[in-house]
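Chain and residue survey
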Amino acid sequence: GSPFGPRMLAMNGVTTCLDMAGPLENILDNVPKYGVGINMAILQFASPPFTFKDANPSQQEMIDLIDKSLEEGALGVSSLLIRTALERRAYVAWHAGTTKNGSNINGMIEAVKMADGYPMHLAHINAYCRGAIKDAMEETAIAIDLLKANPNIFCESYVSPKNGTR
């Protein structure tokens with residue numbers, strides 16, 4: 001979502017990126033103003049109160065957001081709209097965690113169950129293995145087992161000592 005992110009990536013040799021922060025309108029407005037210089041795919045941000053009036057959007061509200069986002073150039077959505085988005089042929093990425101379970105191993109377990117066999121990009125796998133619920137190595141083993149058992153889910157990791165990932 002940073003107006004400078006794509007340019008900074010290009011200056012460091014990156015040729016392609018997937019922006020999962022959105023919102024789509026901000027990125028589309030920023031690209032002509034700040035430049036991009038790389039191939040860029042964008043996922044629409046979907047979260048109340050920004051894209052929905054509350055935490056329980058209707059099926060039609062979800063469909064409308066997904067369809068509008070795809071029409072405006074988004075590759076898909078980054079949200080809890082998994083089933084609805086996939087039915088609309090949208091790419092789905094999710095930084096796991098809901099109001100019930102945060103961004104931790106329980107949030108990952110919840111996300112895997114919600115995917116229910118559908119393809120999903122589960123962002124930043126190591127963000128769920130920081131030792132918030134169990135020992136970090138035990139959480140890592142759980143995450144690995146979940147990924148092995150659910151080949152429909154793909155992910156990547158990132159290193160950020162400031163937020164506890166390693």
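The present account deals with the structure reproduced in this document.

Topic: the pairing of strand 2 (residues 39–45)
Note that strand 1 (residues 16–19) and strand 2 share four bridges and pair parallel. Looking at the pairing, Asp19 lines up with Ile42 of strand 2. Taken together, the three bridges between strand 2 and strand 3 (residues 76–78) define a ladder with parallel strand orientation. Looking at the pairing, Gln44 lines up with Val77 of strand 3. Each parallel crossover has a hand, and for strand 2 linked through helix 3 (residues 59–71) to strand 3 it is right-handed.

A short note on helix 5 (residues 105–115)
Residues Ile105, Gly107, Met108, Glu110, Ala111, Val112 and Ala115 constitute the buried set of helix 5. Lining the buried residues of helix 5 we find helix 4 (82–87), strand 4 (91–94), strand 5 (120–122), helix 6 (136–149) and strand 6 (153–155). With a side-chain oxygen positioned 2.9 Å from the backbone nitrogen of Asn106, the residue opening helix 5 is Asn104. Asp116, located one to two residues past helix 5, shows a positive phi value of around 50 degrees.

Thoughts on the pattern of salt bridges
Side-chain pairs of opposite charge can arise whenever the charged atoms involved come near each other. Within the structure shown, the criterion is met by three salt bridges. Note that Glu61 and Lys53 form a salt bridge whose closest N and O atoms lie 3.5 Å from each other. Owing to a relative accessible area of 65%, Lys53 belongs among the exposed residues under this scheme. Between Glu72 and Lys68 there is a salt bridge, and its shortest N-O distance comes to 3.1 Å. When its relative accessible area of 37% is taken as the criterion, Glu72 is described as partly exposed.

How each quantity is defined
Residues numbered from 1 in each chain as written. Predicted model: local features only at pLDDT ≥ 70, side-chain atom pairs only at ≥ 80, totals over all residues. Heavy atoms only, no water. Pairing = 2+ DSSP bridges. Helix = DSSP H or I, 4+ residues; strand = E, 2+ residues; numbered from the N terminus. Right-handed = clockwise from strand over helix to strand, strands pointing away. Buried < 20%, exposed > 50% of the residue type's maximum accessible area, 1.4 Å probe, protein only. Contact = heavy atoms within 4.5 Å. Polar contact = N/O pair within 3.5 Å; in protein donor to acceptor, adjacent residues only side chain to side chain. Salt bridge = Lys/Arg side-chain N within 4 Å of Asp/Glu carboxyl O.

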